[in-house]
Structure formats: structure tokens, C-alpha cells
Amino acid sequence: MIREANASDLNALLELYLDLHEKRVPEDSPRLREAWARIMADPDHHIVVYEADGRPVSSCVCVVVPNLTRDARPYALVENVVTHRDHRGRGYATRCLARAREIAEAAGCYKLMLLTGAKDAATLDFYRRAGYDDGEKTGFILRLD
């Protein structure tokens, strides 16, 4: 089942992110709770999950960003695309990305952007099959940590 995350999904998402790039589930802290509360309260921040076996097994984040260009049409960003290792190859991430696209289209976005640190051909081909073009723009990252 595809849906948006709800307040009770925090721990399941944190565990799912271990299959993304996290090394450990973060300690429960005021900072973590504050971030989660802000995400849950933000109508432009969407955590899309695919639920199987009663828990999220695939997810992506879609954030709609208000904009002053393109006739004041917003754009959207996709991040944290992940599927639990035991559930890969079943189309769950594809469904999550499709829902992110629906969210962006419903918000009137003129584009949906995704960055990935993946270098393997299978992952890059997956994003291409989902409709993302890796030849149109150049992405840069400035790490602040």
C-alpha cells in the first residue's frame, strides 16, 4: 500500500534509512523529535512510503518549494529514495517515485529534481526509467558538516 508517512512511522523510517546510508538509528533526542514535528506539520514536506507486512519498506521524500520564477510555479525535490534490502525488485520505489510525481503535479510544480550519490548503472538506469534526465543539468553539493 502506498501512502504518506504519519506520526507513528518515525521509528520504522529510521530503521529503513539503515538501507540508505545511515550507520545506526539515531538516539531519540529533542533535536530528532523537533525535526519530525516540523516535517509532520509542513504541508509541503511529503514522506511517501510503500507499506508491506505492516511497516514501511520503501520510501522517498518529496518537498515542494515555493518559487518566484516560472510564473511563481513551485518546483519539487526528491530525496532519500530507499527500499529495504529484503523488498527490492518489486516495484515499490517506482511506486513511491510515481506518488512523488503526483504530489508535484498536484502542487503545480514545473519540475521535479532528484540527486543521487549512486554510481552503479542499475540505480542510474532505475532513475532514468522513472523519467529523470541526467543530462539536462549539472548538480553540485556543498557539504556543511
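Scroll up to find the structure.
This text gives an overview of the structure that appears in the document. Just so it is clear, the model here is predicted, and its values are computed rather than measured.

## A few points about the layout of surface pockets
Computed from the structure, the second largest pocket encloses a volume of approximately 750 Å³. If you trace the second largest pocket, you find 22 residues lining it, with Leu 14, Tyr 17, Pro 26, Leu 32 and Ala 35 closest to the centre. Tallying contributions element by element places helix α2 (residues 30–41) first for the lining of the second largest pocket, with 5 residues. Across the lining of the second largest pocket, the residue classes tally to 12 nonpolar, 4 polar and 6 charged.

## Overview of the sheet that holds strand β1 (residues 2–4)
If you walk across this open sheet you meet the 5 strands as β1-β2-β3-β4-β5, and the pairing is mixed. Both outer strands of the open sheet, β1 and β5 (112–114), are each paired with one neighbouring strand and no more. Between one strand axis and the next, the sheet turns through 30 degrees on average, direction left out of account. Bridge count between β1 and strand β2 (residues 45–52): 3 bridges; the pairing is antiparallel.

The rules behind each value
Residues numbered from 1 in each chain as written. Predicted model: local features only at pLDDT ≥ 70, side-chain atom pairs only at ≥ 80, totals over all residues. Heavy atoms only, no water. 1 Å grid on protein atoms, 1.4 Å probe; cavity = no way out; pocket = protein on both sides within 12 Å on 5 of 7 lines; lining within 4 Å. Points joined across faces, edges and corners; volume = space filled by probe spheres on them. Helix = DSSP H or I, 4+ residues; strand = E, 2+ residues; numbered from the N terminus. Nonpolar A, V, L, I, M, F, W, Y, C, P; charged D, E, K, R; others polar. Pairing = 2+ DSSP bridges. Axes fitted to C-alpha atoms, helices over the stretch in contact; angles between N-to-C directions.

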